[in-house]
Amino acid sequence: MAEVKNKQVVLKDYVTGFPKESDMDIVEGTISLKLPEGSNEVLLKNLYLSCDPYMRILMSKMEGPEGFRTYAPGSPLTGYGVAKVLESGHPDYKKGDLVWGFTKWEEYSLVPASLILFKIKHTDVPLSYYTGILGMPGMTAYAGFFEVGLPKKGEKVFVSAASGAVGQLVGQFAKFTGCYVMGSAGSKDKVDLLKNKLGFDDAFNYKEEPDLNGALKRYFPEGIDIYFENVGGKTLDAVLLNMRVHGRIVVCGMVSQYNLAQHEGVTNLANLIFKRIRMQGFNVADYYQLYPKFLEYVVPKIKEGKIVYVEDIVEGLEKAPPALVGLFSGRNVGKQVIVLARE
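Residues numbered from 1 in each chain as written. Predicted model: local features only at pLDDT ≥ 70, side-chain atom pairs only at ≥ 80, totals over all residues. Heavy atoms only, no water.

Caption draft 1: Highlighting the packing of helix α1 (residues 136–148) against helix α2 (residues 167–176). The N-to-C vectors of α1 and α2 enclose an angle of 45°; their axes lie 9 Å apart at closest approach. When the axis of α1 is compared with that of α2, the two are oblique. Crossing geometry of α1 relative to α2 is assigned as right-handed. Contacts between α1 and α2 involve Pro-137, Gly-138, Ala-141, Tyr-142, Phe-145 and Phe-146 from the former and Leu-169, Val-170, Phe-173 and Ala-174 from the latter. When the residues that make up the contact of α1 with α2 are grouped by side-chain class, the tally is nine nonpolar, one polar and no charged. (Axes fitted to C-alpha atoms, helices over the stretch in contact; angles between N-to-C directions. Helix = DSSP H or I, 4+ residues; strand = E, 2+ residues; numbered from the N terminus. Parallel < 35°, antiparallel > 145°, perpendicular 65-115°, else oblique. Left-handed = near helix turned anticlockwise from the far one by under 90°. Contact = heavy atoms within 4.5 Å. Nonpolar A, V, L, I, M, F, W, Y, C, P; charged D, E, K, R; others polar.)

Right, dumping it as structure tokens:
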């Protein structure tokens, strides 16, 4: 039976506060490249791994959010990835298929077929896109903006963490819909990217705005129709003061809160009543039935060069811990991807 070395990223122990590279270990195990007799699982060679902020939540010792299982110390991290099928005991997959879904942070993985979300049919775009624009972040932006946000032409849209994997797409989807869109980010370079490459109407660096309420009043004198929420905390509190009547707040993430032992309170919630605002959280897993419709919408735009997607790619499993940790200091520019192998 062909045993090969299998490098893995494992969690050393549960994390409190900001994650550090030392919270993870690179270890070398082995794996058989032969399926166990009678197995209906799928043996994958992992090609691209996705770094996503939600992974921080799973590094804590707590009850995981519904539908998520927290990581176990001593075991590999898991997350979204792109992989090639080496062997399959499941009728839906065969050797050579390219797939995306959940996998482990290691070179080879044996997974139940239920963790694979989709076979990759469009291979004339970069495969790394299936960790981003054509994967979970793309579907998150599409479902959150269109299904939860229900945009109308001419509306005013604000996106926080706007240069990230999801935010950069929400902004472009808003422009395709005929909306005015404004984003916030954490550096001058990211603000320039939003305005000059990603097509946002305007953007600001939240670190240079001590008065977020004042900044939003300046940028949205008539108020905000749709707020795509990625950060929480003080930004959400300021947005609540600046929403328009019947505005929608699409709650996608709260990255400013994930590393805090004591989460920040929100004090302006009464505006939900005064302005009849609908504030709704969502999970992309509830919308994967729309994936074919999403591909019809976005793939032609990629091929025609109408949509831009910025990736921050690092090579090798050794770079995975710093790449994940870097998400929480804003080190990445665009979608953070780890390349293990290109085929």
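Continuing now.
Caption draft 2: The arrangement of the side chain of Glu-209 in detail. Note on placement: Glu-209 falls in the loop between β10 (202–205) and α4 (212–219). Residues contacting Glu-209, with those up to four places away along its chain left out, are Phe-204, Ala-215, Arg-218 and Tyr-219.

Caption draft 3: Structural view of the packing of aromatic side chains. With the rule as written, the count across this model stands at 25 aromatic pairs. Seen in terms of ring centroids, Tyr-142 and Phe-173 are 6.5 Å apart; in terms of plane orientation they differ by 90°. Their pairing is edge-to-face. Taken together, the positions of Tyr-142 in helix α1 and Phe-173 in helix α2 put the pair 31 residues apart, joining distant regions of the chain. The exposure classification of Tyr-142 matches that of Phe-173, with both residues buried. Taken together, a centroid distance of 6.0 Å and an interplanar angle of 90° make the contact between Tyr-180 and Phe-220 edge-to-face. With Tyr-180 in strand β9 (residues 180–185) and Phe-220 in the loop between α4 and β11 (224–229), this residue pair connects regions lying 40 residues apart in the sequence. Take Tyr-180: its relative accessible area is 26%, and that puts it in the partly exposed class. Its relative accessible area of 3% is what places Phe-220 among the buried residues. When the ring centre of Phe-176 is taken as origin, the NZ or CZ atom of Lys-301, which lies over that ring, is 5.2 Å away. A cation over a ring is seen here: Lys-301 above Tyr-297, with NZ or CZ 3.9 Å from the ring centre. (Phe/Tyr/Trp six-rings, centres within 6.5 Å; stacked < 30°, edge-to-face > 60°. Buried < 20%, exposed > 50% of the residue type's maximum accessible area, 1.4 Å probe, protein only. Lys NZ or Arg CZ within 6 Å of the ring centre and 35° of its normal.)

Caption draft 4: Focus on the state of the cysteines. Counting across every chain of the model gives zero disulfides. Among the cysteines around Cys-51, which has no disulfide bond, Cys-252 carries the closest sulfur, lying 17 Å off. With no disulfide partner, Cys-179 has as its closest neighbouring cysteine sulfur the one in Cys-252, 17 Å distant. (Disulfide = S-S within 2.5 Å.)

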